[in-house]
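# Observations on chain architecture
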Amino acid sequence: YSYDIERLLAIFAAFENECKENPALYERKVDNSPMLIKEDLLEVINNFGNNDQISADDRIFLSLVKGRIAQLGTQFGQRKKIENAYKQNINILEESMEFIFPSGFKIEEVASFLVELRNKILHSNFHTIFDREETNIIRFLEILTYVMLFKRIGIEDKGIEILIGVVFGCNTKHMQI
C-alpha cells in the first residue's frame, strides 16, 4: 500500500462524512468528566466576577475567559472521533489490527498521530513521503472508514470482516469460508 497527501486527505474527508452520517454512533461523548471540569471552572470564574474588589478591566478579562471556556468541548474533536469509531467497531477490526500492527498499538496514539499529521498537512504546507509505520496508520484509517461505510449500508459484521480481509489483506476471515 502506498499513500500520498491527497489520498490521506481524501480518506479523512470520507471518515468525516461517515461520522456525520451517523453522529449518534460516532460523535457521542463516552466520558463526561471534561464537561464537569468546565462547569466547575465557569462557577469559579463567576464567583471571581461577583467580587466587588476587582476592577472593570479584570471583569472584562474574566468575561473573555468565561466565553473561551464555555466554547471548549462544543465540538467533538477528530482524535475522539477516531477513537470512538474504533471502539464502536473493535469486534470487526480486532484481528485486522494484529495484521497491521503486529507489535500492538494504542488507539489513542494512532488517533493523535493521524490528527497531528492532518493538521501539519493542512496548516503548514507539509510535504512528505510516508514511511512504513505512517503508511500502516493511514491504512488503519482507511480500513476504519470502510468498516463504517459497510456498517451504515447494512452489511453484517462477519461480512465486513470478510470484505476488509479480501480488499486490504489484513485478516484471514475470507480464507475460513
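Residues numbered from 1 in each chain as written. Predicted model: local features only at pLDDT ≥ 70, side-chain atom pairs only at ≥ 80, totals over all residues. Heavy atoms only, no water.

Time to look at the overall build of the protein chain. Across its full length, the protein chain holds 9 helices and 0 strands. Over its C-alpha atoms the protein chain spans a radius of gyration of 21 Å, topping by over 25% the 16 Å that the globule rule assigns to 177 residues. Burial status across the protein chain gives 36% buried among its 177 residues. Excluding contacts between residues fewer than 6 apart, the proportion of contacts in the protein chain whose partners are at least 24 apart in sequence is 74%. As displayed, the protein chain has an accessible area near 10,900 Å², and 54% of this comes from carbon and sulfur atoms. The average position of the 21 basic charges and that of the 27 acidic charges among the side chains of the protein chain differ by 2 Å. (Helix = DSSP H or I, 4+ residues; strand = E, 2+ residues; numbered from the N terminus. Rg over C-alpha atoms; globule rule 2.2 N^0.38 Å. Buried < 20%, exposed > 50% of the residue type's maximum accessible area, 1.4 Å probe, protein only. Contact = heavy atoms within 4.5 Å. Areas by Shrake-Rupley, 256 points an atom, 1.4 Å probe, with all protein chains shown as cover. Lys, Arg positive; Asp, Glu negative; His and termini not counted. Charge placed at Lys NZ, Arg CZ, Asp CG, Glu CD.)

With that settled, consider the environment of Ser 112. By the secondary structure assignment, Ser 112 is in helix H7 (residues 107-124). Measuring from C-alpha to C-alpha, the distance between Ser 112 and Thr 128 comes to 18 Å, with 16 residues separating the pair along the chain. A polar contact is formed between the side chain of Ser 112 and the backbone oxygen of Glu 108, at a distance of 3.0 Å. (Polar contact = N/O pair within 3.5 Å; in protein donor to acceptor, adjacent residues only side chain to side chain.)

Counted according to the given criterion, the structure contains 7 aromatic pairs. Residues Tyr 86 and Phe 105 carry aromatic rings whose centres are separated by 5.5 Å and whose planes lie at 80 degrees to one another, so their mutual orientation is edge-to-face. Of this pair, Tyr 86 sits in helix H5 (residues 78-88) while Phe 105 sits in the loop between helix H6 (90-100) and H7, placing them 19 residues apart in sequence. Judged by its relative accessible area of 9%, Tyr 86 is buried. For Phe 105, a relative accessible area of 24% gives the class partly exposed. On the numbers, 6.0 Å between centres and 55 degrees between planes, the contact of Phe 105 with Phe 140 is tilted. (Phe/Tyr/Trp six-rings, centres within 6.5 Å; stacked < 30°, edge-to-face > 60°.)

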